[in-house]
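# Remarks on the overall topology
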Amino acid sequence: MAEPRPSHFPPGTPLGRHFLVEGLVRLAEGRMFYLVNDDRHEQPQRKCWTCGHEGSPRTAKVCHACGAPLLPQRFLLSARWEMSAIRSFEQFAALRIEHPGLTAPVDVIRLEDQLLSVVSYRGEGLMLDEAAPLANQRLLQVAQRVLGTVVALGRRGVLIAPISRANLLLSPNGNVRLFDVNIDEITPGPASPARLAPLVRQVAALLRGYCHVQGGALGDFFDLVAAGDFPTPRDFGRAVESRFDAYAAMVFPPCLAGISDVGLTRQLNEDNWGWTTLGPKAELYVVADGMGGHDGGEVASRIAVETICQVARARAGQVGDRLGDIELMLDEAFQAANNTIKAEAERGGNDMGTTLVAMLLHGGRQAFIANVGDSRAYLFRDGVLHQISVDHSFVQKMVERGRLTAEEARNHPQSNILLRTVGTERDVEIDLFRVELEPGDRVLLCSDGLWGEVEDGDMASILATYSDPRVAARELVRASHQGGGKDNCTLVLVVVR
Ligand code: CA
């Protein structure tokens, strides 16, 4: 089990010899990210980040040693606290490897229980903040850059651990750099291509999650890579090169967004989301909120999303247009997810389960919404947010019986008790809703980390303000933080065209 996350440094905290905390910008699993600057008024001298000279007075305009401008600067600081990660990163930092695809730390600060690595900051964004989908061209650039860096590090004997969204920095000009990676192993000689193969598969699986729902060709390519069809970085690199123009030419309108955020207090993100096309006329969108702790909740929600997408894809061709058949297929997909999770839970001897809310969008107009648990589906139409799904929770039952108001239910200490989940019983009963959609409608699927922190009215005003779904998705996550960020927050937003 991971060490607990330390409390965060408040703004104004001095760190190391040069830095002052401006604020915490984001949490990830195993990481806290801060913006810091070097404008420490109590320090008589300022460090030159060009040459390293520390003797110029604070008031100097240029470095007394090299003449470079000496302006206050901002940095991104990443704090980690897991001891194994700290030790391997210290070894890595000692190698001082420079590569254009890598953000080399300008400073590494070791505290008693944390390791802080500091990189210069020029307005880059964390991939963590980006809602899917990213443009195909961007995804291909990320693939090339990340794999190029993996290869360069491999030559130096550095094997990095699986890359997460938290390890990617995106600059406004389209550049991508790896940042603050975990190190798996440092070998005396260059790593063989075979040793890098797992990273190739893993990067492809990561980028797959950022493909547009209709970006089938690129998504399928990443799926093949993730399955091991292009095992070495070189194979992958060549394959990307040969497909670049064709895939990059596919441009999709901004009509959907998906994002998942760990929140401000949880260490683990046990939510998952996904989407897939089911042929030319239908798409499936899914959000799942897992439960069962480490090696439980995040596994259950991932299996649920993968299984429901796979089963629906496999069955879609046989179903056709009959609405009743579509509903049966959705039910079958939920049952399959239920059975797979239950089998996995029995094998692992735990009691993991998950909520699941799904929308099958047929012909661009007919929505079939199914849910189990308390992840919700909402319809946003003409400025008003309507809740479509009904929670399978203890407090919802109390509301239906008139014992609690909706407002009391939100803040009730037993609001987390679910009456139905996927993966915990032999069979699972799903609720189904049919909605006839209109152009301009938006459908929001979300975990309780969103609706539990943000009132419906506030969600509605965010949706009304931001027409770009990816921007709206980020703003909704931001609102969940402002609401307290006590839970993982995950959402999929679909704009009806
Ligand atoms: Ca939750």
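Residues numbered from 1 in each chain as written. Predicted model: local features only at pLDDT ≥ 70, side-chain atom pairs only at ≥ 80, totals over all residues. Heavy atoms only, no water.

### Quick word on the overall build of the chain
To keep it simple, the criterion reads: Here a strand is any run of E in DSSP of at least two residues, a helix any run of H or I of at least four, and the numbering for each starts at the N terminus. Taken over C-alpha atoms, the radius of gyration is set against a globule rule of 2.2 Å times the number of residues to the power 0.38. Each residue is placed in one exposure class: buried if its accessible area under a 1.4 Å probe, protein chains only, is under 20% of its type's maximum, exposed if it is over 50%, and partly exposed if it falls in between. Contacts are residue-level and defined by heavy atoms, with any inter-residue pair within 4.5 Å sufficient. To be clear on the numbers: accessible area is Shrake-Rupley with a 1.4 Å probe, and residue cover counts the displayed protein chains and nothing else.
Of the regular secondary structure elements, the chain holds 12 helices and 24 strands. Here the C-alpha radius of gyration of the chain, 24 Å, is about what a compact globule of 497 residues would show, namely 23 Å. Summarising its shape, the C-alpha atoms of the chain cover approximately 75 × 55 × 45 Å along the three principal directions. For the chain, the proportion of its 497 residues judged to be buried stands at 54%. In the chain, once contacts between residues fewer than 6 apart in sequence are set aside, the share between residues at least 24 apart is 69%. Approximately 21,500 Å² of the chain is accessible, and the part contributed by carbon and sulfur atoms is 50%.

### Details of the state of the cysteines
The test is simple: Criterion for a disulfide: a pair of cysteine sulfur atoms within 2.5 Å.
Taken as a whole and judged by the stated rule, the model has zero disulfides. Lacking any disulfide linkage, cysteine 63 is separated from the closest cysteine sulfur, that of cysteine 51, by 3.7 Å. With relative accessibility at 3%, the residue cysteine 63 sits in the buried group. With no disulfide of its own, cysteine 255 lies closest to cysteine 211 among cysteine sulfurs, the gap being 14 Å.

### Looking at the coordination of the calcium ion
The condition is simple: Each metal's donors are the N, O and S atoms found within 2.8 Å of it, except that Na, K and Ca use a 3.2 Å limit; water is left out, so coordination can look incomplete.
Around the calcium ion, the protein contributes the donor atoms Asp289 (OD), Asp289 (OD), Asp448 (OD) and Asp487 (OD), at 2.2 to 3.2 Å from the metal centre. Written as a sequence motif, the donor arrangement for the calcium ion is D-x158-D-x38-D. Placement of aspartate 289 in strand S16 (residues 282-291) and of aspartate 448 in helix H10 (residues 448-451) is noted, with a sequence separation of 159 residues between them. In this structure aspartate 448 comes out as buried when scored by relative accessible area, which is 18%.

### Here's the deal with the packing of aromatic side chains
Rules: Here the aromatic set is Phe, Tyr and Trp, taking the six-membered ring for Trp, and pairing holds for ring centres within 6.5 Å; pairs whose planes are under 30 degrees apart are stacked, those over 60 apart are edge-to-face, and all others are tilted. For a Lys NZ or an Arg CZ to count as sitting over a ring, it must be within 6 Å of the ring centre and within 35 degrees of the ring normal.
On inspection of all chains with the given rule, the structure shows 12 aromatic pairs. A cation over a ring is seen here: arginine 80 above phenylalanine 89, with NZ or CZ 4.1 Å from the ring centre. Above the face of the tryptophan 451 ring, arginine 376 is positioned so that its terminal group lies 3.4 Å from the ring centre.

### A short note on the nonpolar core
Put simply, the rule reads: Nine residue types can take part in a nonpolar core, namely buried Ala, Val, Leu, Ile, Met, Phe, Trp, Tyr and Cys, and a core is a set of them joined through side-chain atoms within 4.5 Å.
Core analysis: the biggest nonpolar cluster contains 72 residues, and Ile160, Ile163, Phe221, Phe222 and Tyr285 have the highest contact counts within it. Here the element with the most residues in this core is helix H2 (residues 136-155); it accounts for eight residues. When neighbours within four sequence positions are excluded, isoleucine 163 is seen to be in contact with Val146, Val150, Leu168, Leu178, Leu199, Gln202, Val203 and Leu206.

### Quick notes on the environment of valine 151
Checked against the element boundaries, valine 151 lands in helix H2. Taking the C-alpha atoms as reference points, valine 151 and aspartate 441, 290 residues apart in sequence, are found 45 Å from one another.

### Some words on the domain arrangement of the chain
We count it as follows: Start and end points for every domain follow an automatic or database-based domain assignment. Buried area is understood as the total, over both parts, of accessible area removed when two parts are fitted together, assessed with a 1.4 Å probe. Salt bridge, as applied in this entry: a Lys or Arg side-chain nitrogen positioned within 4 Å of an Asp or Glu carboxyl oxygen.
The assigned domain composition of the chain is domain 1 (14-124), domain 2 (126-248) and domain 3 (256-495). The gap between the C-alpha centroids of domain 1 and domain 3 is 40 Å. Across the boundary between the two partners, domain 1 contributes five residues, which contact eight residues of domain 3. Between domain 1 and domain 3 the total buried area reaches about 510 Å² when both faces are included, carbon and sulfur atoms providing 49% of it. Of all residues in domain 1, Arg26, Leu27 and Glu29 bury the most surface against domain 3, accounting for 81% of the area lost on that side. Run the count over domain 1 and domain 3 and you get one salt bridge. With a closest N to O distance of 3.7 Å, aspartate 261 and arginine 26 form a salt bridge.

### Quick notes on the environment of methionine 398
Within the element layout of this structure, methionine 398 appears in helix H8 (residues 394-400). For the pair methionine 398 and serine 88, spaced 310 residues apart in the sequence, the C-alpha separation amounts to 51 Å. Apart from residues no more than four positions distant in its own chain, methionine 398 is found in contact with Arg403 and Leu404.

### Description of the sheet that holds strand S2 (residues 19-28)
Convention followed: Here, a strand pair is defined by DSSP locating no fewer than two bridges between the strands.
Pairing in this open sheet of six strands is antiparallel, and the strands run S1-S2-S3-S6-S8-S7 from one edge to the other. One side of each edge strand has no neighbouring strand; the edge strands of this open sheet are strand S1 (14-15) and strand S7 (107-110). Examined bridge by bridge, S7 and strand S8 (residues 115-120) share four bridges and lie antiparallel to one another. Paired with aspartate 107 across the strands is valine 118, a residue of S8.

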